[in-house]
Amino acid sequence: MVLEGNPEVGSPRTSDLQHRGNKGSCILSSPGEDAQPGEEPIKYGELIVLGYNGCLASGDKGRRRSRLALSRRPHANGVKPDVMHHISTPLVSKALSNRGQHSISYTLSRSHSVIVEYTHDSDTDMFQIGRSTENMIDFVVTDTSPGGGAAEGPSAQSTISRYACRILCDRRPPYTARIYAAGFDASSNIFLGERAAKWRTPDGLMDGLTTNGVLVMHPAGGFSEDSAPGVWREISVCGNVYTLRDSRSAQQRGKLVENESNVLQDGSLIDLCGATLLWRTPAGLLRAPTLKQLEAQRQEANAARPQCPVGLSTLAFPSPARGRTAPDKQQPWVYVRCGHVHGYHGWGCRRERGPQERECPLCRLVGPYVPLWLGQEAGLCLDPGPPSHAFAPCGHVCSEKTARYWAQTPLPHGTHAFHAACPFCGAWLTGEHGCVRLIFQGPLD
């Protein structure tokens, strides 16, 4: 490498010291070096992609799945900033040719780039997230379309970066997890081109933003029954926190938020411009309902033998093993404006307002009439409360506090917009409250 002057050895800030490199894929079941044979590895936390209700439509396979646990690796793979070089741009490719050397390149002009090299750090593990299926990506994430499912096919234009972000976890208690925009590519490099938003910090170091950005929202009050949505922020390549840009890909960065950090909390949301992920800590997951509890609630609801108030047929929630296919004869349906639960019937259509618009025979309110489906991704639930509320208009059922929290949580969409959405399928919520309390009729005998 040819240097223009002497290399500058940086004295990075605390946030800059959290840059880490990555080699190999995510360790989910291999015990860490402190674990005894047969023991479970130390879990840092879990990432859950909103909109899939427990499993991808095509099935969870390898690194492409709806939920991923991040566990302590057998050997640390972290890196930390070491040396800063100022070089002329024609020499950038030569400077980045060493695949064993992690680095971040900031192109300032056609004749000037800054390259920050990294060295091994034995204190952290790093996990990378992005659209790429290359080995350095631990969690492969594809675009989620409203209503559930991935935007697939050659015509689908993804807005998720191939190397979207990285999460760095301390290998020692309390196993703090921090998030950073951008991930290292197959050559162990992060490259911010001339058009990318980048700048020199007051202490002489470099920082920048990715094209579509990585947004994070930490809930107020944790992820519990008393939670409230927080404020969306943007995370930089160095892990600093900024207010949102005017548009998702604007070159002008927001303002630095000095009193906030990139440390992930239980319930933190990570938006990659095409998919939104929820971070759950091990302690938070202990408070969440288990799949056994969700199944017990389903059986308890069915044991109450709810009936259609008009057809008088007995209703029952289908088993999750059956999947979300066509509703069966006992499937409960709901009028999402009023919450009255019925069995399926063909009357009350309002064709001038759409095929799903029906008039409730009990209260005469007109609105969507949809089948009810139980939310099966337990990590999205704030509490183990009974399934009493449904999101409108999709009909996914969960506890009251879970429904109300997600109904008031705006999720990023596109370059400017925010919409509340069902966490189980991604459908945009409608109506005054985004959810409705379910009104069941018990058996007449």
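This text follows the structure it describes.
Residues numbered from 1 in each chain as written. Predicted model: local features only at pLDDT ≥ 70, side-chain atom pairs only at ≥ 80, totals over all residues. Heavy atoms only, no water.

Student: Go over the overall build of the protein chain, please, and point to the residues and values.
Tutor: Helix and strand content of the protein chain: four helices and 27 strands. When the 445 residues of the protein chain are sorted by exposure, 52% land in the buried category. Within the protein chain, contacts between residues at least 6 apart in sequence are counted, and of these 66% link residues at least 24 apart. Here the protein chain has roughly 19900 Å² of accessible surface; of this, 51% comes from carbon and sulfur atoms. (Helix = DSSP H or I, 4+ residues; strand = E, 2+ residues; numbered from the N terminus. Buried < 20%, exposed > 50% of the residue type's maximum accessible area, 1.4 Å probe, protein only. Contact = heavy atoms within 4.5 Å. Areas by Shrake-Rupley, 256 points an atom, 1.4 Å probe, with all protein chains shown as cover.)

Student: Let's hear about the pattern of salt bridges: which residues, and what values?
Tutor: Enumeration over the complete set of coordinates arrives at 16 salt bridges. For D170, the salt bridge is made with R178, and the minimal N-O distance between the two is 3.4 Å. Notably, a salt bridge pairs R364 with E359, separated by 2.9 Å at the nearest N-O pair. Using a relative accessible area of 55% as the deciding quantity, one classes R364 as exposed. Salt bridges linked by common partners bring K43, E46, R67 and E377 together as one network. (Salt bridge = Lys/Arg side-chain N within 4 Å of Asp/Glu carboxyl O.)

Student: Pulling in residues and values, what's your account of the sheet that holds strand 24 (residues 396-398)?
Tutor: With mixed pairing, four strands are arranged side by side in an open sheet as 22-24-23-27. Taken across any chain shown, the strands that pair with only one partner, and hence form the sheet edges, are strand 22 (373-374) and strand 27 (435-437). Across two bridges, the pairing between strand 23 (residues 389-391) and strand 24 is antiparallel. Bridging across to strand 24, H389 finds its partner in C398. (Pairing = 2+ DSSP bridges.)

Student: Mind laying out the sheet that holds strand 19 (residues 341-342), listing which residues take part and the relevant values?
Tutor: If you trace the four strands from one edge of the open sheet to the other, you get 19-18-21-20, paired in antiparallel fashion. Either end of the sheet is taken by a strand with one partner, and the two such strands are strand 19 and strand 20 (357-359).

Student: I'd like a rundown of the nonpolar core, residues and numbers included.
Tutor: The biggest cluster of nonpolar side chains holds 30 residues, and the ones touching the most others in it are L47, I129, I167, I179, I270, L272 and L277. Taken together, the elements giving at least two residues each to this core come down to strand 1 (43-49), strand 2 (67-71), strand 6 (124-130), strand 8 (165-170), strand 9 (177-181), strand 13 (214-217) and strand 17 (276-280). Sequence-distant contacts of I129, defined by excluding residues within four places in its chain, comprise L47, I137, F139, V141, Y163, A164, C165, I167, L272 and L277. The next biggest cluster of nonpolar side chains, apart from the first, holds 27 residues, and it includes L215, L382, Y405 and C422. (Core = buried A, V, L, I, M, F, W, Y, C linked by side-chain atoms within 4.5 Å.)

Student: Please give an account of the state of the cysteines that cites residues and values.
Tutor: Tallying each qualifying case throughout the model produces zero disulfides. Among the cysteines around C381, which has no disulfide bond, C398 carries the closest sulfur, lying 6.3 Å off. (Disulfide = S-S within 2.5 Å.)

Student: Break down helix 3 (residues 291-303) for me, with residues and values.
Tutor: For helix 3, built from 13 residues, the straight-helix expectation of 18 Å at 1.5 Å per residue is met to within 8% by its first-to-last C-alpha distance of 18 Å. When we look at burial in helix 3, the residues that qualify are L294, Q297, R298 and N302. The arc that holds the buried residues of helix 3, viewed along the axis, is 130°, so those residues lie on one side. Turned more than 90 degrees away from the buried face of helix 3, the exposed residues are K292, E300 and A303. Considering only its buried residues, helix 3 is in contact with strand 22. (Expected span 1.5 Å × (residues − 1). Arc of directions from axis to C-beta.)

Student: How would you explain helix 4 (residues 400-407) if you had to name every residue and give the values?
Tutor: For helix 4, every residue scored as buried is listed here: T402, A403, Y405, W406 and A407. The elements touched by buried residues of helix 4 are strand 13, strand 16 (269-271), strand 17, strand 23, strand 24 and strand 27.

Student: Give a detailed account of the pairing of strand 21 (residues 366-371), specifying residues and quantitative values.
Tutor: For strand 21, the buried fraction is high: six of the six residues fall into the buried class. Bridge count between strand 18 (residues 333-335) and strand 21: three bridges; the pairing is antiparallel. Residue W333 lies in a different strand from strand 21, and its bridge partner there is P371. In this sheet, strand 21 lies alongside strand 20 in antiparallel orientation, the contact comprising three bridges. The residue of strand 21 that forms the bridge with R358 is G367. Remark: six residues form the turn of the hairpin made by strand 20 and strand 21, two consecutive strands paired antiparallel; R364 in that turn has positive phi of roughly 70°.

Student: Can you lay out the pairing of strand 14 (residues 232-235) for me, pointing to particular residues and giving the numbers?
Tutor: Residues of strand 14 alternate between two faces, with W232 and E234 on one and R233 and I235 on the opposite face, all of them buried. Bridge count for strand 13 against strand 14 is four bridges, and the pairing is antiparallel. Counterpart to V216 in the pairing with strand 14 is R233. Between strand 14 and strand 15 (residues 241-242), which pair antiparallel and follow one another directly, the connecting turn spans five residues, one of which, G239, has a positive phi of 85°.

Student: A description of the environment of D271 should follow, citing residues and the corresponding values.
Tutor: You can see D271 is positioned in strand 16. The class of D271 is buried, set by a relative accessible area of 2%. Sequence separation between D271 and M217 is 54 residues, and the spatial gap between their C-alpha atoms is 8.5 Å. Setting aside residues up to four positions removed in sequence, D271 forms contacts with G213, V214, L215, W232, R248, T276 and P412.

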